Amino acid sequence: MQEQPQTSPCLIDDLKPSGFHLRLALVAGGGPFCDGYILGIIGIALPVMVKDFHLSGNMTGLLGASSLFGVLLGGLGGGIISDRLGRKRLYTLNLLMFAICSCAQYFAGSLYALLFWRLLIGMAIGADYPIATAYVTEFMPRVWRGPVLSGLITFWWVGYIVSFIAGYLLSLYFPDNWRIILGSSLVPSALLMLFRIGMPESPRWLMQAGRAEEARAVVREHLGAHVLLDEPKPGDTPRLSLRHLFQTRYRGALAFVCAFWILQSAPSFAIHTLQAPILEQLRMGNSLLASCIVTSFTLLGSVPVSLGLINVMGRRKLLIGSFAWGAIALFFVGLYPHPANWFIIVAFIIYSAVEAAGSGLQFVYPNELFPTEIRGTAVGFASSASRLGAAVGTVLLPMGTIQFGVHAMMLVAAMLLTLGAAISWRWAPETATLNLSEASQSLTS
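Per an unreviewed UniProt entry, the recorded name for the protein chain is MFS transporter, and the organism is Komagataeibacter nataicola. Here is the UniProt Sequence similarities (unreviewed entry) comment for the protein chain, exactly as written: "Belongs to the major facilitator superfamily. Sugar transporter (TC 2.A.1.1) family."

Q: Would you take a moment to explain the packing of aromatic side chains for this structure?
A: Ring pairs (aromatic) are described by centroid distance and by the angle formed between their planes. This model, assessed by the stated rule, comprises 15 aromatic pairs. Where Phe256 meets Tyr365, the ring centres are 5.3 Å apart and the plane angle is 80°; that geometry is what we call edge-to-face. In this pair, Phe256 sits in helix H10 (residues 248-273) while Tyr365 sits in helix H16 (residues 361-368), placing the two residues 109 residues apart along the sequence. Among the residues examined, Phe256 registers a relative accessible area of 2% and is labelled buried. Ring geometry for Phe332 versus Phe343: centroids 6.4 Å apart, planes at 75°, classification edge-to-face. With a gap of 11 residues between them, Phe332 in helix H14 (residues 315-335) and Phe343 in helix H15 (residues 341-359) connect regions that are remote in the sequence. Here a set of aromatic residues connected by ring pairs shows up, and it is made of Trp156, Trp157, Tyr160 and Phe164.

Q: How should the nonpolar core be read in this particular structure?
A: Membership of the largest hydrophobic core comes to 130 residues, with the highest contact counts inside it found for Met49, Ile278, Leu330, Phe348, Phe370 and Met410. Once residues lying within four places of it in the same chain are set aside, the contact partners of Ile278 are Ile271, Phe348, Leu397, Val406 and Met410.

Q: What is the right way to look at the pattern of salt bridges in this model?
A: As a working rule, side chains carrying opposite charge can pair if their charged atoms are close by. Under the definition given, this model contains 9 salt bridges. A salt bridge links Arg211 to Glu214; the shortest N-O distance between them is 2.9 Å. Residue class for Arg211 comes out partly exposed when judged on its relative accessible area of 34%. Glu214 gets classed as partly exposed once you look at its relative accessible area, which sits at 40%. We note a salt bridge from Glu368 to Arg315, for which the minimum N-O separation is 2.6 Å. You can see Glu368 sitting in helix H16 and its partner Arg315 sitting in helix H14, a full 53 residues away along the chain. Comparing Glu368 with Arg315, the two get one shared label, buried. The network of salt bridges with shared partners includes Asp83, Arg87, Glu138 and Arg375.

Q: Sorry if this is basic, but what is going on with helix H18 (residues 406-427) here?
A: Side chains of residues three or four places apart in an α-helix project in the same direction, reflecting 3.6 residues per turn. Spanning 22 residues, H18 covers 32 Å between terminal C-alpha atoms, matching the ideal 32 Å at 1.5 Å per step. Turning to H18, its buried residues number three or more, namely Val406, Met409, Met410, Ala413, Ala414, Leu417, Gly420, Ala421, Ile423 and Ser424.

Q: Explanation requested: the environment of Val395 in the structure shown.
A: Locating Val395 in the fold gives a position in helix H17 (residues 372-404). Between the alpha carbons of Val395 and Thr60 there is a distance of 7.8 Å; along the sequence they are 335 residues apart. If near-sequence neighbours (up to four positions away) are discounted, Val395 is found in contact with Gly61, Leu62, Ala65 and Phe69.

Q: Before we go on, may I ask you to explain the packing of helix H5 (residues 142-173) against helix H12 (residues 287-296) in this structure?
A: In a packed pair of helices, the relevant descriptors are the angle between the two axes and the axis-to-axis distance. Their axes nearest at 9 Å, the elements H5 and H12 cross at an angle of 160°. Of the possible angle classes, the one that applies to H5 and H12 is roughly antiparallel. You can see that H5 and H12 cross each other, and the crossing is left-handed. Across the interface between the two elements, Tyr160, Ile161, Phe164, Tyr168 and Ser171 from H5 touch Leu288, Leu289, Ser291, Cys292, Thr295 and Ser296 from H12. Of the residues contributing to the contact of H5 with H12, the split by class is 7 nonpolar, 4 polar and no charged.

Parameters and conventions
- Residues numbered from 1 in each chain as written.
- Predicted model: local features only at pLDDT ≥ 70, side-chain atom pairs only at ≥ 80, totals over all residues.
- Heavy atoms only, no water.
- UniProt positions renumbered as here; feature names shortened; annotations may be inferred.
- Phe/Tyr/Trp six-rings, centres within 6.5 Å; stacked < 30°, edge-to-face > 60°.
- Helix = DSSP H or I, 4+ residues; strand = E, 2+ residues; numbered from the N terminus.
- Buried < 20%, exposed > 50% of the residue type's maximum accessible area, 1.4 Å probe, protein only.
- Core = buried A, V, L, I, M, F, W, Y, C linked by side-chain atoms within 4.5 Å.
- Contact = heavy atoms within 4.5 Å.
- Salt bridge = Lys/Arg side-chain N within 4 Å of Asp/Glu carboxyl O.
- Expected span 1.5 Å × (residues − 1).
- Axes fitted to C-alpha atoms, helices over the stretch in contact; angles between N-to-C directions.
- Parallel < 35°, antiparallel > 145°, perpendicular 65-115°, else oblique.
- Left-handed = near helix turned anticlockwise from the far one by under 90°.
- Nonpolar A, V, L, I, M, F, W, Y, C, P; charged D, E, K, R; others polar.

Pasting the structure below:
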């Protein structure tokens, strides 16, 4: 018997997922896919650029981290602008910057020009984090909110893996041509820009901005005439700014989100960006191919989470477990001075899988723990803080490896993950069964 469409009055949180929700999730996921591709492709091009530009360890780390510094700036700016001007306005424009900067990398005439374009493309990536995730959060029913937000991270990892595969294949056909490898990000960026055209504005944002009739029109057209919106009372949704994040009400949530995101990202970006050189220093044959294999196993962790494990297992247990198992894997890499190749591969596969599983919460917690009027700003600030940690880690890893050795740096990474597990044990709330209003009150001081 065919299921009848839902017609009884209900809130967005209580809706049954529809075809529109699926379309929105897929279109939103294209942004993280491009993000992962753009941030990942540098890992394939970097060994070639080291030879081409005769890069020192310091400059290698700086080039690898240049886009991460851009993400820091773009995340904060994009979040603030999306809270002020709406989600839709920048939703397509930032992809135009993806495409322009992808082309510009191909024509970069010097190392400093390349650093500039990587910084700029990182700003576009950073802006997409708060815009796309807030957009999805404000449309999704509760049953899909966690899986879809964590699914955006899965799209990120798919883009990251595809970048390694595409970069590896391009390196076979165009050896020593880093321009084609970096410029290949134009293809997914241009395609996604076309798919995002015509998407509606977030009705929750319209409502808190005082544009109630427009919000109701969006809901009627895309969700159904039976869907109700929380109607704010006069004075309930004041205009909030960045400084409000540091006030008492939001301080605890902001500290927790920034802490766990930084402690995930700092080791992750450093290790994945420099995976091939790390494996080479561990005396792994064909380190480039081995890094592709290791990176592909991130899907082993991220896909089950986005398919519903995040609701079954819960946010809290997932976060604590991913930190703990990742720390164990890297401790073993750091403790053994001359491990067998299979041991190294297995340890990094375990780390990649559990880190990817836990990273799904990077888009879930920040969007659930803050209200609509400041959600974009909070996500942007947290993502900027995390990328600062990631950039610092990516710069310091090659420097630390030269001075202290790769095993010592893996132990440092393991200790950071152990700290992340302890912080999560102390502060991580469980929000899987809460609606957005309840979730945004679950960790306020």
